[in-house]
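# Reading the structure
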Amino acid sequence: MSSRPRGRRQDHPLWFLLPALAVLVIFFFVPTIFNFVYAFTDWSSFKSGIGFVGFDNFVSLFTSGTLVNALRVTLVYAVLVAVFQNVFGIALALLLEKDTRLNRAARVAFFVPVIMSALAVGYIFQALLKPEGALNEILGFVTGTEVSIAWLGDTTWTIVVVAIVHSWKWMGLSMLIYLAGLKTISADVLEAGRLDGASWWQTFRHIRMPLLAPAITFNVATALLGSMNGFDIVQATTEGGPGGATELLNIFIFRTFGQGLFAQATTMSLVLFLMVTILAFPVIRFLRKREDVL
Amino acid sequence: MSVAAPRMRRARPASGILQPIATVLTVVLLLGVPFWLVISTAGKNQAEALNPNLTPPSEWQLFENFAQVFGDGRMVLGFFGSLLVMVPAVLGVLILGSMAAWILGRRSSRGLAVIYALAISGIVLPPAVVTIVLLLRQLGLAGTPIGMIGVYMGMYLSTVIFFVTGFVRTIPQELEEAARVDGAGPVKVFVRIILPLLMPVLATATILICLYIWNDVFYALFVVGGRLDTLPLNLYQVASAGLYLQNWHLIFAYIILMSLPLLLVFVFAQRKIISGITSGAVK
């Protein structure tokens, strides 16, 4: 590596960094720093001036319960999505593991939702999940009775339904990553397990699951991060309702921004930033490790 | 599983017929139902589509609905608006990101380690979406395509730098040395030697970033909402405007049309896209 210590510097000049850093500073770091400033002001569309108000925004958001609710909803949503997306992804990967023509076609089909707009997916499921919608129609046909469940109108369960919709959109991606993970497990290991008389479930639980660990970590991390930043699917299905039961931080930010309450929106944006930062440290450590492998 | 094995193979016996049946059932239930709902509703007239259900339209009028949303939803403007923002943003992050990643992958110092950590932090950290709007106003870029391109570049440079820096380290130094002995400067080495070798990893990054930008509506609503047409922004308007409220046949016709460009790209390049994404994720 250090056979030519001289000359290495001008071989890789630092000015190559500058354009990327300039874009990052202007469009990423400066707005982030602004977040820490304007969250403490009364910036809104109703006033021409901007003045400092200290922690007023935090206090009013906290006392009204909005802050705690949005944080709770966002975390619950992220955990639910991480669970469902990975359960669906692993199940599909196991189902479609063999390289038959049918399986290959099914894999391609399950990737279609991944490339669709999340907003479009949300509208599709809004229609599907109406009380008089197609899902109840199917359930009614199967059970032989009239079914009119308001899937998107329940203050407790709707967040679960919306998290499942989110997972439906992304499960094809998780599936692909698990399929790639399953391919890396050598046939010898599985054969050895089978010769020892391990059942399908024992093979899965004790041999394949541990060897899938890298894929699981990657999928869980991306699902958590993606859903904490979620907006489109929730906006298109419930718009945060009913009664704030699915109001993610980003939904709140969008709504208050639209009302001209810019400082409040900034405060929530800062809360999201802090929440992700705190939760992200394990994720970053994991990414670093991965990069060493690369 | 207890069904008698018809053949001598030691593989799971019943999976021979059960697996294809399970596959078809899963595809029909999980994908067939939602997609049939979209297609059948998009083919109905307003009265029939008022309450979207799985019954086929009494008379298909898919293309009439396509024609209507094509005009009303400003599809052409939306399509070119999406392209106008996506193409420069993707090219920009690929070029600037590769340049930075080359240096970050080849040189090492404490300062550069800090810069690298900051540069890839955007993979995880959410962009400050509200104050970006304020900054763009101060820069005179609010509501402009250039502002939107800058915001997307700020968001996705981290991804490119992360992927490419790891990849650069796997490229043998000797390849650069050889060119340098022939008198090539850094720009020439980067353009002639490094950039071509980065193509596989850049292809993966391109797929992912195109997917995100093409489908983004959240950041677009803040930065260019109401000022520039993009396909997802127009869908949002079509679906939330009073004009189309409950007009499911038009909403779904719009969804089919707006999904077609990426769907066509995917159909023709699915093998590359799928292997690109998986190779980037599991290594």
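The shown structure was predicted, so the numbers you read here are calculated from the model rather than taken from an experiment.

### Digging into the pattern of salt bridges
Oppositely charged side chains can form a pair if their charged atoms are brought close together. In the structure shown here, the tally under the stated rule is 11 salt bridges over all chains. Across the pair Arg 107 of chain A and Asp 99 of chain A runs a salt bridge whose closest N-O atoms are separated by 3.1 Å. According to the relative accessible area criterion, Arg 107 of chain A is buried, its value standing at 9%. One continuous salt-bridge network, built from bridges that share partners, spans Asp 11 of chain A together with Arg 106, Glu 176, Glu 177 and Arg 180 of chain B.

### Some points on the packing of aromatic side chains
Scanning the model with the defined rule gives 34 aromatic pairs over all chains in all. Judged by centre distance (5.5 Å) and plane angle (40 degrees), the rings of Trp 102 of chain B and Phe 190 of chain B are tilted. Taken together, the residues span a long stretch of sequence, with Trp 102 of chain B in helix α4 (residues 75–106) and Phe 190 of chain B in helix α9 (residues 186–197) at a distance of 88 residues. Its relative accessible area of 0% is what places Trp 102 of chain B among the buried residues. Its end group placed over the ring of Trp 170 of chain A, Lys 169 of chain A keeps NZ or CZ at 4.1 Å from the ring centre. For the cation-ring pair, Arg 169 of chain B lies above Tyr 116 of chain B, with the distance from its terminal atom to the ring centre recorded as 5.9 Å.

### Description of helix α3 (residues 56–63) of chain A
Residue and element names in this part refer to chain A. Buried within α3 are the following residues: Asn 57, Phe 58 and Leu 61. Seen end-on, α3 carries its buried residues on one side only, within an arc spanning 95 degrees. Just beyond α3, the residue with positive phi is Gly 65, at close to 85 degrees.

### Digging into the interface of chain B and chain A
At the interface, 105 residues of chain B touch 95 residues of chain A. Contact between chain B and chain A buries roughly 9,000 Å² in total, counting both sides, with carbon and sulfur atoms accounting for 76%. The interface formed by chain B and chain A includes one salt bridge. The interface formed by chain B and chain A holds 12 residue pairs in polar contact (both at pLDDT 80 or more) in total. The dominant element in the side of chain B that touches chain A, judged by the number of residues it contributes, is helix α13 (residues 248–281) of chain B, at 16 residues. Within the side of chain B that touches chain A, the residues separate by chemical class into 72 nonpolar, 23 polar and 10 charged.

### So, the confidence of the model for chain B
Fine structural detail should not be taken from predicted coordinates in areas where pLDDT scores are low. Residues and elements named next belong to chain B. This prediction gives chain B a mean pLDDT of 86; 92% of its residues lie at or above 70. For residues 1–11, every residue scores under 50 in pLDDT, and the model assigns this stretch seven contacts once sequence neighbours within four places are set aside. Per the prediction output, this complex has pTM 0.88; the corresponding ipTM is 0.88.

Rules used in this analysis
- Residues numbered from 1 in each chain as written.
- Chains lettered and ligands numbered in written order.
- Predicted model: local features only at pLDDT ≥ 70, side-chain atom pairs only at ≥ 80, totals over all residues.
- Heavy atoms only, no water.
- Salt bridge = Lys/Arg side-chain N within 4 Å of Asp/Glu carboxyl O.
- Buried < 20%, exposed > 50% of the residue type's maximum accessible area, 1.4 Å probe, protein only.
- Phe/Tyr/Trp six-rings, centres within 6.5 Å; stacked < 30°, edge-to-face > 60°.
- Helix = DSSP H or I, 4+ residues; strand = E, 2+ residues; numbered from the N terminus.
- Lys NZ or Arg CZ within 6 Å of the ring centre and 35° of its normal.
- Arc of directions from axis to C-beta.
- Contact = heavy atoms within 4.5 Å.
- Buried area = accessible area lost by both parts, 1.4 Å probe.
- Polar contact = N/O pair within 3.5 Å; in protein donor to acceptor, adjacent residues only side chain to side chain.
- Nonpolar A, V, L, I, M, F, W, Y, C, P; charged D, E, K, R; others polar.
- pLDDT = per-residue confidence, 0-100.

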